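Summary of the model geometry
If you want the building blocks of each chain, they are given just below.
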Amino acid sequence: MSANQSPAGQQPTATYDSAFLKACRREPVPHTPVWFMRQAGRSLPEYLKAREGIPMLESCMRPELVAEITLQPVRRHGVDAAIYFSDIVVPLKAIGIDLDIKPGVGPVIANPIRTRADLARLRDLTPEDVTYVTEAFGLLTRELGATPLIGFAGAPFTLASYLVEGGPSRNHEHTKALMYGDPQLWADLLDRLAGITAAFLKVQIEAGASAVQLFDSWVGALSPADYRASVLPASRKVFDAVSGYGVPRIHFGVGTGELLGLLGEAGADVVGVDWRVPLDEAARRVGPGKALQGNLDPAVLFAGREAVETKAREVLDAAAGLEGHVFNLGHGVLPTTDPDALTRLVEYVHTQTAR
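**Quick word on the pattern of salt bridges**
Evaluation of the coordinates by the stated rule reveals 20 salt bridges. Arginine 25 is the salt-bridge partner of glutamate 27, the closest N and O atoms lying 3.1 Å from each other. We note a salt bridge from arginine 285 to glutamate 258, for which the minimum N-O separation is 3.9 Å. Residue arginine 285 is located in helix H13 (residues 279-286), and its partner glutamate 258 is located in the loop between strand S6 (249-253) and helix H12 (260-265); the two are separated by 27 residues in the primary sequence. The partly exposed category is assigned to arginine 285, whose relative accessible area is 32%. If you follow the salt bridges from partner to partner, you end up with Glu258, Glu281, Arg284 and Arg285 in one network.

Here's what the structure looks like:
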């Protein structure tokens, strides 16, 4: 049972009437809800202290540490939702892929996947592979009470890009070479990753996630035609697999202005928008029936308070006609962001939008 569903004949759980879930469902809200991608960690001194000397992947597998890091921005900023502290490559590590997250670089794959024989290394994910996730969600939902907890996973394209390239890539040349050169192998790879991703999200929902977000960080590298032909089926498979749980499904990618309608078409209830497209224009591209999330440029937070509030006001004005709006950044919190700027931003949005 998810954290925002209610069994037949019983009252909804504590998170059901939260501003965040109401906005995701496109219902009236007491104020525009706020949370920040990468709010768990990155800029907080208490995060750096908690993780001192502990490698990233190991941090993701310690339930009590995960719970502490996830809770830190809720305590400090008063955000309307927590997001589970993890990394998109955790399910790949859990099924035995030899990878590491190198500081200053990101996920690095020891043996990239580029042939049909390599597919055998991508076995199914089971709940037993990620018992630490279930344990951490249990700790968190008890502590958070009425504050929703967002689960997340990496989308098939972005996971495939890491696996094929062997790490982060600027041009995705190996990825695109496989996609164009062996379309059937590419389709089979993404289908396999869709199954792993769906299983990982199911674990989180069944452990108490109130909503889930699918991060397709690198998919902005594709044209709409390539996305529709080569990515959309796998992303849709993920969203379809968790549709029966009744939790809001959020879809986000970077540089995806030309793909916004397709991101919604894949099955999202909420489409995340980066800072490059104003929300009113994003709504036109996405079409009716979807809430939007976003989309303040993270770099704005390095300007003075007056500038931050001016740009935040522009986001709120662009969102004025939306059916549902969740205020967020247009990408993740940058590591050197002043935490107080985030706290002030939450207060500003709440005050300006109080109904």
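**Here's the deal with the confidence of the model for the protein**
Taken over all residues, the pLDDT of the protein has a mean of 95, while the share at 70 or more is 97%. Here residues 5-11 is a poorly scored stretch, pLDDT under 50, and it has eight contacts once near neighbours within four places are set aside; other chains count.

**Digging into the packing of aromatic side chains**
In total, this model carries six aromatic pairs according to the counting rule given. Taken together, a centroid distance of 4.5 Å and an interplanar angle of 25 degrees make the contact between tyrosine 84 and phenylalanine 137 stacked. Within this pair, whereas tyrosine 84 is found in the loop between strand S1 (82-83) and helix H5 (90-94), its partner phenylalanine 137 is found in helix H6 (residues 131-144), the two being separated by 53 residues in sequence. Neither residue differs from the other here; tyrosine 84 and phenylalanine 137 are each classed as buried. Relative to phenylalanine 215, the ring of phenylalanine 152 has its centre 5.5 Å away and its plane inclined at 80 degrees; by these criteria the two rings are edge-to-face. You can see phenylalanine 152 sitting in strand S4 (residues 149-154) and its partner phenylalanine 215 sitting in strand S5 (residues 211-216), a full 63 residues away along the chain. In textbook terms, an aromatic cluster arises when at least three aromatic residues are bridged by ring pairs, as seen for Phe152, Phe215 and Phe252. The ring centre of tyrosine 16 lies 3.9 Å from the NZ or CZ of arginine 25, which sits over that ring. The side chain of arginine 276 reaches across the aromatic face of tryptophan 275, ending 4.2 Å from its centre.

**A few points about helix H15 (residues 339-353)**
In an α-helix, one turn spans 3.6 residues; hence positions three or four apart end up facing the same way. Helix length check: H15, at 15 residues, gives a terminal C-alpha distance of 22 Å against a target of 21 Å (1.5 Å per residue), a fit within 8%. For H15, the complete set of buried residues consists of Pro339, Ala341, Leu342, Leu345, Val346, Tyr348, Val349 and Thr353. Of the surrounding elements, those touching the buried residues of H15 are helix H2 (45-50), helix H4 (63-77), strand S8 (291-296), helix H14 (305-318) and strand S9 (325-329). The opening residue of H15 is aspartate 338, an N-cap whose side-chain oxygen sits 3.0 Å from the backbone nitrogen of aspartate 340.

**Focus on the environment of leucine 345**
Examined against the element boundaries, leucine 345 turns out to sit in helix H15. Classification of leucine 345 as buried rests on a relative accessible area of 2%. Once the C-alpha coordinates of leucine 345 and alanine 312 are considered, the two residues, 33 residues apart in sequence, prove to be 7.9 Å apart. Setting aside residues no more than four positions away along its own chain, leucine 345 makes contact with Phe36, Leu296, Leu301, Val308, Ala312, Phe327 and Leu329.

**A few points about the pairing of S8**
With six of six residues buried, S8 lies mostly within the body of the structure. Crossover handedness for the path strand S7 (residues 270-272) to H13 to S8: right-handed. In this sheet, S9 lies alongside S8 in parallel orientation, the contact comprising five bridges. Among the inter-strand pairings, leucine 292 is bridged to a residue of S9, identified as histidine 325. Handedness of the β-α-β unit built from S8, H14 and S9 comes out right-handed.

The rules we used
- Residues numbered from 1 in each chain as written.
- Predicted model: local features only at pLDDT ≥ 70, side-chain atom pairs only at ≥ 80, totals over all residues.
- Heavy atoms only, no water.
- Salt bridge = Lys/Arg side-chain N within 4 Å of Asp/Glu carboxyl O.
- Helix = DSSP H or I, 4+ residues; strand = E, 2+ residues; numbered from the N terminus.
- Buried < 20%, exposed > 50% of the residue type's maximum accessible area, 1.4 Å probe, protein only.
- pLDDT = per-residue confidence, 0-100.
- Contact = heavy atoms within 4.5 Å.
- Phe/Tyr/Trp six-rings, centres within 6.5 Å; stacked < 30°, edge-to-face > 60°.
- Lys NZ or Arg CZ within 6 Å of the ring centre and 35° of its normal.
- Expected span 1.5 Å × (residues − 1).
- Polar contact = N/O pair within 3.5 Å; in protein donor to acceptor, adjacent residues only side chain to side chain.
- Right-handed = clockwise from strand over helix to strand, strands pointing away.
- Pairing = 2+ DSSP bridges.

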